[in-house]
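Architecture at a glance
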Amino acid sequence: MTANAKAALTVQGLSRVFDVSAPWLNRLIERKPRQLLRAVDDVSFEVPAGGCLSLVGESGCGKSTVARLVTGLYAPSEGSITFAADIDGAPLSAQMIFQDPYASLNPRWRVRDIIAEPLRELKLRDTEAEIRERVDALLAIVGLSPRDGAKFPHEFSGGQRQRISIARALATEPRFLVCDEPTSALDVSVQAQILNLMRRLQDELGLTYLFISHDLSVVRHMSDRIAVMYLGRIVEEAETEALFANPRHPYSRMLLETIPDIDNPRRAREVDVGEVPSPLNPPKGCAFNPRCPLADARCRSERPEMLRLKDGARVACHRVAEAEAEREPATAVPVPAA
Amino acid sequence: MPDAPVLEVRNLRVEFPGRHGTLTALDDVSLSIAPGEILGVVGESGAGKSMTGLAVQGLLEPPGHIARGEVHLNGRRIDQLPTRAMEKIRGREIGAIFQDPLTSLNPLFSIGNQLTETIRLHLDLSRADARARAIDLLKQVGIPAAEERIDHFPHQFSGGMRQRVVIALALAAGPKLIVADEPTTALDVSIQAQIIALLRKLCDDTGTAVMLVTHDMGVIAEAADRVAVMYAGRMVEVGPAQEVIRNPQHPYTRGLMGSIPALRRRVAKLTQIDGSMPRLDAIPRGCAFNPRCPQAMPRCRQDRPDLMPAGVGQSACWLAEGVLT
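Residues numbered from 1 in each chain as written. Chains lettered and ligands numbered in written order. Predicted model: local features only at pLDDT ≥ 70, side-chain atom pairs only at ≥ 80, totals over all residues.

Quick look at the overall build of chain A
What counts, and what does not: Only DSSP runs of H or I covering at least 4 residues are called helices, and only runs of E covering at least 2 are called strands; the numbering of each starts at the N terminus. Atoms counted for the radius of gyration: C-alpha only. Globule rule: 2.2 Å times residue count to the power 0.38. Burial is judged by counting other C-beta atoms within 10 Å of a residue's own C-beta: 20 or more means buried, 12 or fewer means exposed, and anything between counts as partly exposed, with every C-beta placed from the backbone.
Counting its secondary structure elements, chain A contains 11 helices and 12 strands. Here the C-alpha radius of gyration of chain A, 22 Å, is about what a compact globule of 338 residues would show, namely 20 Å. The principal-axis extents of the C-alpha atoms in chain A amount to approximately 70 × 55 × 45 Å. Per-residue burial over chain A gives 43% buried out of 338 residues.

Okay, structure coming up:
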C-alpha cells in the first residue's frame with residue numbers, strides 16, 4: 001500500500017482459531033482428537049483514511065470473521081488491529097452494518113428507539129429533546145422522514161430497513177464503518193439506492209469503509225482497493241482497477257472468469273473449477289493448489305509468501321513470484337511475515 | 001415458432017381471497033416455451049415470478065387459485081385437472097428444481113434411494129434397472145464416481161453437488177419441462193457457473209424446456225434464450241435475452257438494468273428507481289409502474305397497457321405504442 005496515504009486501520013498478522021471439537025465425552029469415548037478451525041490465518045491489510053477496502057471471497061473464506069474481529073465482536077487469536085489515533089476502535093468511532101436488515105433490528109422497538117439506543121447507552125446526549133433531535137436528523141440523512149421514527153421495523157421494506165440500520169450505525173458519529181454484505185439481502189434496484197446512499201455518506205461525512213461482499217460487481221462499484229480471500233488467507237490485494245484489468249493470482253482470475261457478466265455473457269464456456277475444500281482440513285502448501293491450473297510440486301508442499309509488487313499490489317503465489325523474479329530480480333522482495 | 005411450444009400460459013390470473021378482499025398475485029400473464037428453450041422469468045421479490053412457476057405446476061397454496069386463464073402442457077390443458085392427475089404430471093412431465101438443495105432432499109434417505117423411488121413411481125422399471133438409470137442420471141449431471149456416490153446421503157455432498165443431485169431428480173422421469181426456481185441463488189459464484197453450464201447442456205442435449213425463475217440478470221444473460229420481466233404480478237417485457245439486456249424497452253427494465261453495477265466499467269452513481277414495488281393490495285391504477293416511472297404520462301395513470309410489439313420483443317408500455325403509430 002502507498003505509504004503516504006494515512007491508514008485508518010492497520011491489521012497485522014491477524015488470525016482467529018475456532019475450537020470445533022466434539023464434546024469432551026465424545027472425544028474421550030470415541031478417541032477423537034481436538035478439532036481446530038483456522039477461520040482467519042495471518043491476514044494483514046491497511047484501510048486508507050477516507051477510502052474503501054473490500055474483502056471478497058466465496059462463503060467460508062473468513063471475510064465475515066475479519067469484519068467481526070475488526071469491530072471487536074470476536075477476540076483475535078493472534079495479530080493486531082490498530083486504528084488511527086482519531087479512531088480508537090471504541091464504539092464511538094467504528095460501527096458495523098449487518099447483512100440482514102430483517103434480523104438486525106429489534107421487531108418490538110420503535111425505529112426511534114432503535115436509532116437512539118447507542119445515544120442513550122453511551123450517554124452521548126443529555127436530554128430526551130436532544131436525543132429526539134439527533135434521531136430526526138439521522139433519519140433525514142438516510143432519506144427517511146422523521147415521522148417514520150414512530151413506526152416499527154415490520155412497516156418498512158428491506159431497503160428502508162437497511163437505511164434504518166445505517167442511521168443507527170451513524171448515531172455515534174463514527175469515522176469507520178464495517179459493512180458486512182450490506183446489500184446482499186436486497187433487490188437490485190433497492191441495492192442501487194443503498195449503494196448510492198453509502199457513497200454519498202462517505203463523501204459527506206468523510207467515512208472510511210471496510211466492505212465485505214461476495215459480489216464482485218458491487219465491490220468494484222464501492223471500493224478503492226480489493227483484497228481477495230481464500231480459505232482464511234488473503235491471496236491478492238490490489239487497487240480495484242488494477243485487479244479487474246490484470247488479476248494476478250489464479251484464484252482471482254478464476255473468480256473474475258466465473259461470475260456471470262451481463263455485458264459479455266460467455267455461454268459456451270467449459271466450467272470445471274472444482275469446489276472450495278473444507279477449511280477443517282485445508283490442502284498443504286498453497287490452499288488453492290487442488291483447483292489451480294498452474295499448480296506444481298512446489299505449490300503442493302510450500303505455502304507461498306505474500307509478495308509486494310512494484311505497483312503496490314500484493315500476491316501470494318509461487319508462479320507470480322517466479323515470473324516477477326525472472327523479469328526483474330531486484331524488485332520482487334517477499335514481504336516479511338508479521 | 002417452428003416447434004409447438006411445450007408450455008403455453010394464456011392470460012393467467014391468480015387470486016388470493018382474504019378477509020380484507022381479494023389480492024391479485026398474477027394478472028394477465030401469458031408466456032410460451034419451445035422445446036430446448038430456456039425462458040428466464042426475472043423480477044424483484046414479490047413480482048410474481050415464483051408464483052408463475054408454482055401456478056404452472058399446480059402447486060398454489062390454498063386459498064390461492066387460478067381465477068382466469070389457461071395452462072397448456074404439450075397441447076393439453078392442465079390447469080383444471082384434478083389433484084390426482086396433476087400429481088402424475090408433476091415429476092413425470094414437469095420436473096422441479098428449487099433454490100435450496102439441502103431442503104429439497106430428504107436427509108434420512110440415500111440419494112440412490114430417493115432417485116430410484118422417483119424413477120419407479122413414474123416409469124415402469126425393475127429395481128435394478130431403476131438403479132442403473134439413477135447412476136446414468138448422476139453421471140449426466142457430472143457427479144464423479146457415481147457408482148459409489150449413489151449410496152451416500154445428502155449431508156455427504158457439498159452444496160454444488162447437492163444441487164446436481166436435485167437436477168438429476170428433476171430429470172428422473174425424462175420430463176419435457178423443468179421449472180427451476182432460483183437454482184443458483186444459494187450457491188457460490190464459481191459453483192453457480194457450473195450449474196448454469198450444466199442446465200444449458202442438458203437443455204441442448206435432451207430438448208427439455210426450462211422455465212428459469214431468478215432475480216439475477218447475470219444468470220439470465222448466461223443461460224436464457226428469452227426473458228420475461230415481471231413487475232407487481234404482471235409481465236412488463238418479453239424478448240430475446242440479449243436484446244432485453246442490451247436494449248430494454250420498458251422503463252422498468254431500463255431502470256433495473258441501470259441499477260446493476262457493471263463488472264467491466266465503473267460509473268459514479270448507479271441509476272436508481274426511487275420507491276419500491278407496490279404491495280398487492282395497493283397496485284396503482286393504469287400501469288402498475290407509473291408512480292416510479294420517470295416517463296409516466298397522464299394516460300399511464302388511467303389505462304393499463306397490454307404487451308405490445310416493441311423493438312424485437314414486446315413491452316407493456318404506452319411509449320411502445322407511440323413509437324409504432
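Next comes the rest of the description.
A short note on the overall build of chain B
Within chain B one finds 12 helices and 12 strands. Scaling as 2.2 N^0.38, a compact globule of 325 residues should have a C-alpha radius of gyration of about 20 Å, and chain B matches this with 21 Å. Principal-axis analysis of the C-alpha atoms places the extent of chain B at approximately 65 × 50 × 45 Å. Counting only residues that meet the buried cut, chain B has 49% of its 325 residues in that class.

Here's the deal with the interface of chain A and chain B
Formally: Contact definition: two residues whose C-beta atoms, as placed from backbone geometry, lie within 7 Å. As a working rule, the residues Ala, Val, Leu, Ile, Met, Phe, Trp, Tyr, Cys and Pro are called nonpolar, Asp, Glu, Lys and Arg charged, and the rest polar, with Gly in that last group.
The interface of chain A with chain B comprises 34 residues on the first partner and 34 residues on the second. Counting residues per element, the ones that place at least two in the side of chain A that touches chain B are α6 (188–205), α7 (216–222) and α9 (250–258) of chain A. With 8 residues, α6 of chain A is the single largest residue contributor to the side of chain A that touches chain B. Grouping the amino acids of the side of chain A that touches chain B by side-chain chemistry returns 14 nonpolar, 12 polar and 8 charged.

Description of unusual backbone geometry
Phi is mostly negative for residues that are not glycine, and the peptide bonds are mostly trans. Of note, the amide linkage connecting P62 of chain B to P63 of chain B takes the cis form, showing an omega dihedral of 5 degrees. In this fold, P63 of chain B is placed in the loop between α1 (49–56) and β4 (65–73). With phi around 45 degrees, L231 of chain A is a residue other than glycine that occupies positive phi space. Along the polypeptide, L231 of chain A turns up in the loop between β8 (225–230) and β9 (233–239). Positive phi, normally seen in glycine, also occurs at N74 of chain B, with a value near 50 degrees. By the element assignment, N74 of chain B lies in the loop between β4 and β5 (76–77).

Quick notes on the sheet that holds strand β1 (residues 7–18) of chain B
All names here are of chain B. Heads up, the rule is: Strand pairing follows a simple DSSP-based rule, namely that at least 2 bridges must link the two strands.
Spatially, β2-β1-β4-β5 is the arrangement adopted by the 4 strands of the open sheet, whose pairing is antiparallel. Only two strands of the sheet have a single partner each, and these edge strands are β2 (21–33) and β5. In this structure, β1 lies alongside β4, joined through 7 bridges in antiparallel fashion. Within β4, the position partnered with L7 by the bridge is L73.

Some thoughts on the pairing of strand β5 (residues 94–97) of chain A
Residues and elements named next belong to chain A. Residue alternation in β5 divides its side chains into two sets, A94 and M96 and Q95 and I97, and both sets are buried. One ladder, built from 4 bridges, connects β5 with strand β6 (residues 176–180); its direction is parallel. Pairing of A94 across the sheet is with F176, part of β6.

Notes on the confidence of the model for chain B
Defined as follows: Confidence of the predictor in every single residue is expressed as pLDDT, which spans 0 to 100.
On average, chain B scores 90 in pLDDT, and the residues at 70 or more come to 98%. Interface scoring of the predicted complex returns ipTM 0.77; its pTM is 0.83.

Comments concerning the nonpolar core
Taken as a class, soluble globular proteins show a tendency for nonpolar side chains to be buried jointly. Short version of the rule: As used throughout, a nonpolar core is a set of buried Ala, Val, Leu, Ile, Met, Phe, Trp, Tyr and Cys residues joined through C-beta atoms within 7 Å of each other.
Among the nonpolar cores identified, the biggest contains 186 residues, and V228 of chain A together with A168, L177, M211, L212 and Y231 of chain B are the most heavily contacted of them. The dominant element in this core, judged by the number of residues it contributes, is helix α8 (residues 189–206) of chain B, at 9 residues.

Some thoughts on the sheet that holds strand β2 (residues 36–48) of chain A
What holds strands together in a sheet is hydrogen bonding between their backbones, with the strands either parallel or antiparallel. Residues and elements named next belong to chain A. Which entries qualify depends on this criterion: Axis angles are defined between N-to-C directions and span 0 to 180 degrees, where every axis is a line fitted to C-alpha atoms and, for a helix, only to the segment in contact.
With antiparallel pairing, the 3 strands of this open sheet are ordered in space as β2-β1-β4. In this open sheet, the two strands that pair with only one neighbour each are β2 and β4 (78–83). Sheet twist, expressed as the mean angle between neighbouring strand axes with direction ignored, is 15 degrees. Taken together, the 9 bridges between strand β1 (residues 7–19) and β2 define a ladder with antiparallel strand orientation. Within β2, the residue paired with T10 across the bridge is E46. Against the sheet, helix α2 (residues 63–70) engages β1, β2 and β4, with an angle of about 65 degrees to β2.

Concerning helix α11 (residues 318–327) of chain A
Those residues of α11 of chain A not exposed but buried are H318, R319 and V320 of chain A. Among the structural elements, α10 (297–301), β10 (307–308) and β11 (314–315) of chain A are those in contact with the buried residues of α11 of chain A.

With respect to the environment of Q80 of chain B
Mapped onto the secondary structure, Q80 of chain B falls in the loop between β5 and α2 (83–92). Along the chain, Q80 of chain B and G58 of chain B lie 22 residues apart, while their C-alpha atoms are 9.1 Å from each other.

Some points on helix α3 (residues 111–121) of chain A
Residue and element names in this part refer to chain A. Those residues of α3 lying buried are V111, I114, I115 and A116. Against α4 (128–141) and α5 (158–170) lie the buried residues of α3. Once α3 finishes, K123 follows within two positions and takes phi at roughly 50 degrees, a positive value.

Some details on the packing of α3 of chain A against α4 of chain A
Residues and elements named next belong to chain A. Rules: Any angle that is under 35 degrees is reported as roughly parallel, and any over 145 degrees as roughly antiparallel; angles of 65 to 115 degrees are reported as roughly perpendicular and all others as oblique. Left-handed is the label given to a crossing in which the near helix is rotated counterclockwise from the far helix by less than a right angle, and right-handed is the label when the rotation is clockwise.
Running from N to C, α3 and α4 point in directions that differ by 120 degrees, and their axes come no closer than 10 Å. By the criterion of interaxial angle, the relationship of α3 to α4 is oblique. The interaxial crossing formed by α3 with α4 has right-handed handedness. Here α3 contributes R112, I115, A116, L119 and R120 to the contact with α4, which in turn contributes I131, R134, V135 and L138. Of the residues belonging to the contact of α3 with α4, the class tally is 6 nonpolar, no polar and 3 charged.

Here's the deal with the packing of helix α4 (residues 111–122) of chain B against helix α7 (residues 159–171) of chain B
Residues and elements named next belong to chain B. As a packed pair, α4 and α7 sit with axes 9 Å apart at the nearest point and diverge in direction by 20 degrees. As judged from the angle between their axes, α4 and α7 are roughly parallel. The handedness of the crossing between α4 and α7 is right-handed. Here α4 contributes I111, Q114, L115 and T118 to the contact with α7, which in turn contributes V165, A168 and L169. Looking at the contact of α4 with α7 residue by residue, the class counts come to 5 nonpolar, 2 polar and no charged.

Some words on the environment of R200 of chain A
Residue and element names in this part refer to chain A. Mapped onto the elements of the fold, R200 is located in helix α6. Here R200 falls in the partly exposed class, since 14 other C-beta atoms lie within 10 Å of it. For the pair R200 and V188, spaced 12 residues apart in the sequence, the C-alpha separation amounts to 18 Å.

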